[in-house]
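The chain contents come next:
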Amino acid sequence: MLNLNGMSRIAHIGLGRTLFRQQKYGEALEHFRFANDREGYSDCFWELRDRFITGNMIWFVLGFVVIAAIILLIPGKKKASVSIGRQLFQNSPNGVSRFGIDLCFARYMLVHPIDGYYYLKRGIRGSVVSATLLYIISFLAFALDNMGRAFIFNTSSLKDSFLTVTALFVCATVLWNVGNYMVSTINSGEGSFKNVYIMTAYALTPYWIFTFLKVAVSYLLTDNEAFVLTLLSITAIIWAAALIFTGLIEIHNYSFAETVKNIILTAIAMILAVVAVAIIYLIWTRLASFLRDIGTEVTYIV
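No experiment lies behind these values; they were computed from the predicted model shown. (Residues numbered from 1 in each chain as written. Predicted model: local features only at pLDDT ≥ 70, side-chain atom pairs only at ≥ 80, totals over all residues. Heavy atoms only, no water.)

Remarks on the pattern of salt bridges
- As enumerated under the stated definition, the model contains five salt bridges in all.
- Note that Arg 125 and Asp 102 form a salt bridge whose closest N and O atoms lie 3.9 Å from each other. Here the residue Arg 125 occupies a position in the loop between α7 (113–121) and α8 (128–147), and Asp 102 occupies one in helix α6 (residues 98–111), the gap between them amounting to 23 residues.
- The exposure class assigned to Arg 125 is buried, which follows from its relative accessible area of 2%.
- For Arg 149, the salt bridge identified is with Asp 145, shortest N-O distance 3.6 Å. The burial state of Arg 149 is the same as that of Asp 145; both residues are buried. (Salt bridge = Lys/Arg side-chain N within 4 Å of Asp/Glu carboxyl O. Helix = DSSP H or I, 4+ residues; strand = E, 2+ residues; numbered from the N terminus. Buried < 20%, exposed > 50% of the residue type's maximum accessible area, 1.4 Å probe, protein only.)

Here's what the structure looks like:
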């Protein structure tokens, strides 16, 4: 069948299963991938991974022992971490630029969000430049999550469209920031557009950290272990959502109920904006088609 039609999916799956039974997992893997058979691909990958781990077990154990020894023998680790934490609130510790400190501040935000938003709101930490870089990092994580996962887990409908992925992220970011600021201005919110922009960028830190980790881990897992990726995704979303919720409370000086109301109204504003743009696009498309038809008719008559 492959001699007659090299694109035959049935033939590739059949040959892959035969090679799998013959324990030729590397060759079977390629046929399953060509046929887009993720279940067969996962079974082959499981066997190949098992062979690799079994054959290199001594190196894994030795590496674990070396890493454990390094961690135990490094003195003053706790004191150093405390020193770094204090340096975050100095203007230029040890010659480090304000931009570098603002980026490192994202780590502080993960565990001290309330204090962190206090410093962000008053401009003590964070800037538009550092926030923009964090948005770029979040975008790279979003793009990798849709386009860069291992074959077994790469089932996103956006995996072949970088332009669509970019448009989705940019539109969602712009609509959220603009919509939230507009809603807060009519609901006694204290935060400025700059505050919303910077707050959201820092709140997305758990998302891109866990997303990068998820993409990397996807190349080590099989289909039976997909729950690990699901757990990482849920953790990223819940943590980022909690930071965004806390951030809205702090920068707008809202109560819990007011924050919920703000989020709901922002979501409605985002939906209305999308609907409005879609309607305008359809109207202009019809108008352009109408004018084009008139021009064609006039040209024909003349």
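Quick word on the side chain of Asn 177
- By the secondary structure assignment, Asn 177 is in helix α9 (residues 162–185).
- In this structure the side chain of Asn 177 is engaged in a polar contact, spanning 3.3 Å, whose partner is the side chain of Tyr 135. (Polar contact = N/O pair within 3.5 Å; in protein donor to acceptor, adjacent residues only side chain to side chain.)

Here we look at unusual backbone geometry
- Located in the positive-phi region is Ser 188, a residue other than glycine, with phi close to 60°.
- Relative to the elements of secondary structure, Ser 188 occurs in the loop between α9 and α10 (193–203).

Focus on the nonpolar core
- In terms of nonpolar packing, the biggest core is built from 27 residues, with Tyr 117, Leu 120 and Tyr 202 touching the most fellow members.
- Going through the elements one at a time, α6, α7, α8, α10, α11 (205–218) and α12 (226–252) are the ones with two or more residues in this core.
- Setting aside residues no more than four positions away along its own chain, Tyr 202 makes contact with Asp 102, Leu 103, Phe 105, Ala 106, Met 109, Leu 120, Gly 126, Ser 127, Ser 130 and Leu 134.
- Within the second largest apolar cluster, 15 residues are counted, among which are Phe 32, Tyr 41, Ile 152 and Leu 221. (Core = buried A, V, L, I, M, F, W, Y, C linked by side-chain atoms within 4.5 Å. Contact = heavy atoms within 4.5 Å.)

Section: the packing of aromatic side chains
- Considering all chains together, one arrives at 15 aromatic pairs under this definition.
- For the ring pair Tyr 135 and Tyr 197, a centre distance of 4.8 Å and an interplane angle of 50° mean the geometry is tilted. Separated by 62 residues along the polypeptide, Tyr 135 in helix α8 and Tyr 197 in helix α10 bring together distant segments of the chain.
- Between Arg 38 and the ring centre of Phe 151, over which it is positioned, the NZ or CZ distance is 4.7 Å.
- Sitting over the face of the ring of Trp 46, Arg 49 holds its NZ or CZ atom 5.2 Å from the ring centroid. (Phe/Tyr/Trp six-rings, centres within 6.5 Å; stacked < 30°, edge-to-face > 60°. Lys NZ or Arg CZ within 6 Å of the ring centre and 35° of its normal.)

Thoughts on the confidence of the model for the protein
- In the predicted model, the protein carries a mean pLDDT of 86, and the fraction of residues at 70 or more is 93%.
- Looking over the protein, one finds the lowest element-wise mean pLDDT in helix α5 (residues 77–87), namely 46, and the highest in α11, namely 93.
- Low confidence marks residues 76–85, where pLDDT is under 50. Its contacts with residues over four positions away, or in another chain, come to one contact.
- Counting contacts from residues 87–91, a segment whose pLDDT is below 50, to residues more than four positions away or on other chains yields 16 contacts. (pLDDT = per-residue confidence, 0-100.)

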